[in-house]
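Single-letter residue listing:
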Amino acid sequence: MAATTGPASSRVSVFPSPQELGPALAQLVLERAAATGGGRFSLGLSGGSLVEILARDLPPAIAASAAVSPAGWLLAFCDERLVPPEHPDSTAGAYKAQLLPRLPGPGPRVLTAPPGLPPAAAAAEYAAQLRQVFPGEDVPVFDLLVLGVGPDGHTGSLFPGHPLLQEKEKIVAAITDSPKPPPERITLTLPVLNAARMVVFVATGESKAAVLKRILEGNEENPLPAARVQPRSGQLCWFLDESAAKELTIPVEKHSVL
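Everything numeric here is computed off the predicted structure, so don't read it as measured data.

What counts, and where the lines are drawn
Residues numbered from 1 in each chain as written. Predicted model: local features only at pLDDT ≥ 70, side-chain atom pairs only at ≥ 80, totals over all residues. Heavy atoms only, no water. Salt bridge = Lys/Arg side-chain N within 4 Å of Asp/Glu carboxyl O. Helix = DSSP H or I, 4+ residues; strand = E, 2+ residues; numbered from the N terminus. Buried < 20%, exposed > 50% of the residue type's maximum accessible area, 1.4 Å probe, protein only. Pairing = 2+ DSSP bridges. Core = buried A, V, L, I, M, F, W, Y, C linked by side-chain atoms within 4.5 Å. Contact = heavy atoms within 4.5 Å. Axes fitted to C-alpha atoms, helices over the stretch in contact; angles between N-to-C directions.

*Asks:* Help me out: how do you make sense of the pattern of salt bridges in this one?
*Replies:* In a structure, side chains of opposite charge can pair up when their charged atoms sit close to one another. Enumeration over the complete set of coordinates arrives at seven salt bridges. Residues Arg11 and Glu253 are paired through a salt bridge, measuring 2.9 Å at the closest nitrogen-oxygen approach. Of this pair, Arg11 sits in strand E1 (residues 11-15) while Glu253 sits in strand E11 (residues 253-254); the two residues are 242 residues apart in sequence, bridging distant segments of the chain. The exposure class assigned to Arg11 is partly exposed, which follows from its relative accessible area of 42%. With a shortest N-O distance of 3.9 Å, Asp79 and Arg185 are connected by a salt bridge. Placement of the pair is Asp79 in strand E4 (residues 79-81) and Arg185 in strand E8 (residues 185-188), with a sequence separation of 106 residues. An identical accessibility class is assigned to Asp79 and Arg185; each is buried.

*Asks:* Can you walk me through the pairing of strand E9 (residues 198-203) in this structure?
*Replies:* On a regular strand, one side chain projects to one face of the sheet and the next to the other, so that they alternate. Counted residue by residue, E9 has six buried out of six residues, so it is predominantly covered. Side-chain alternation along E9 places Met198, Val200 and Val202 on one buried face and Val199, Phe201 and Ala203 on a second face that is also buried. Alignment of strand E6 (residues 144-148) against E9, held across four bridges, turns out to be parallel. Pairing of Leu147 across the sheet is with Phe201, part of E9. With six bridges joining them, E9 and strand E10 (residues 235-241) adopt parallel strand pairing.

*Asks:* What is the right way to look at the nonpolar core in this model?
*Replies:* Grouped together as the largest cluster of nonpolar side chains are 88 residues, with contacts concentrated most on Leu25, Trp73, Leu130, Trp238 and Leu240. Apart from residues no more than four positions distant in its own chain, Leu25 is found in contact with Leu50, Ile53, Leu54, Val146, Val200, Val202 and Phe239.

*Asks:* So what exactly am I meant to see when it comes to the sheet that holds strand E5 (residues 109-110) here?
*Replies:* By way of backbone hydrogen bonds, the strands of a sheet pair with one another, either parallel or antiparallel. Strand order across the open sheet formed by eight strands is E5-E3-E2-E6-E9-E10-E1-E11, with parallel pairing between neighbours. Single-partner strands in this sheet number two, and they are E5 and E11. The sheet contacts of helix H2 (residues 49-63) involve strand E2 (41-45), strand E3 (73-77), E6 and E9, and relative to E6 the element is tilted by about 145°. Contacting E1, E9 and E10, helix H6 (residues 209-217) crosses the sheet at an angle of about 155° to E10.

Below, the structure written as structure tokens:
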């Protein structure tokens, strides 16, 4: 397969459809977990369509692996909509309903934003939780972050043109004016995203094609939020389906049906 580089030496893998992408993503998660040598594996997840992909493909991959158990995992969320946990927009609620019950026990430790707090207080509380589980680190260093990207180029709850793109001190920030509902959210900031040992973006569908061309080939003066994720010392990967990748002209690593 061809070597694949985009800006910041990102590796771009293209699959025929989400049905082939999902098992490959699950294997990547297991490989990164195994790389800890049995120590803690810190994993940050985004919501949206990623919930369905991971809920479908991660549990069978773990079940087929004798080397990996989620008992030693620390699971956090890259952003959260400040709604009740049972609300369909809740990222933690979606994972607790769809993924966590399917994992073999004992399950991972899960960090969630406490419900019912106003945005600034929720962000401060989530930051405090992260600092407790990443002691001695000014910025938490996750083993793996799995991010999505919107048709507008947003990732997490970092939106184009928003002041939070300039945040350099906070590790978790509140947003009260999200252009995508619900308006009140908390999100990991760019310093955290760029400290990770590995970041993988997952994008599927034709609606992502134009923005992916901008992110991966545009080299824009005012980069979109997802284009600002450039891990300082970690690896950057993109897992796309053919519909999302159809406008790209850079070399990509194409995967056939598994």
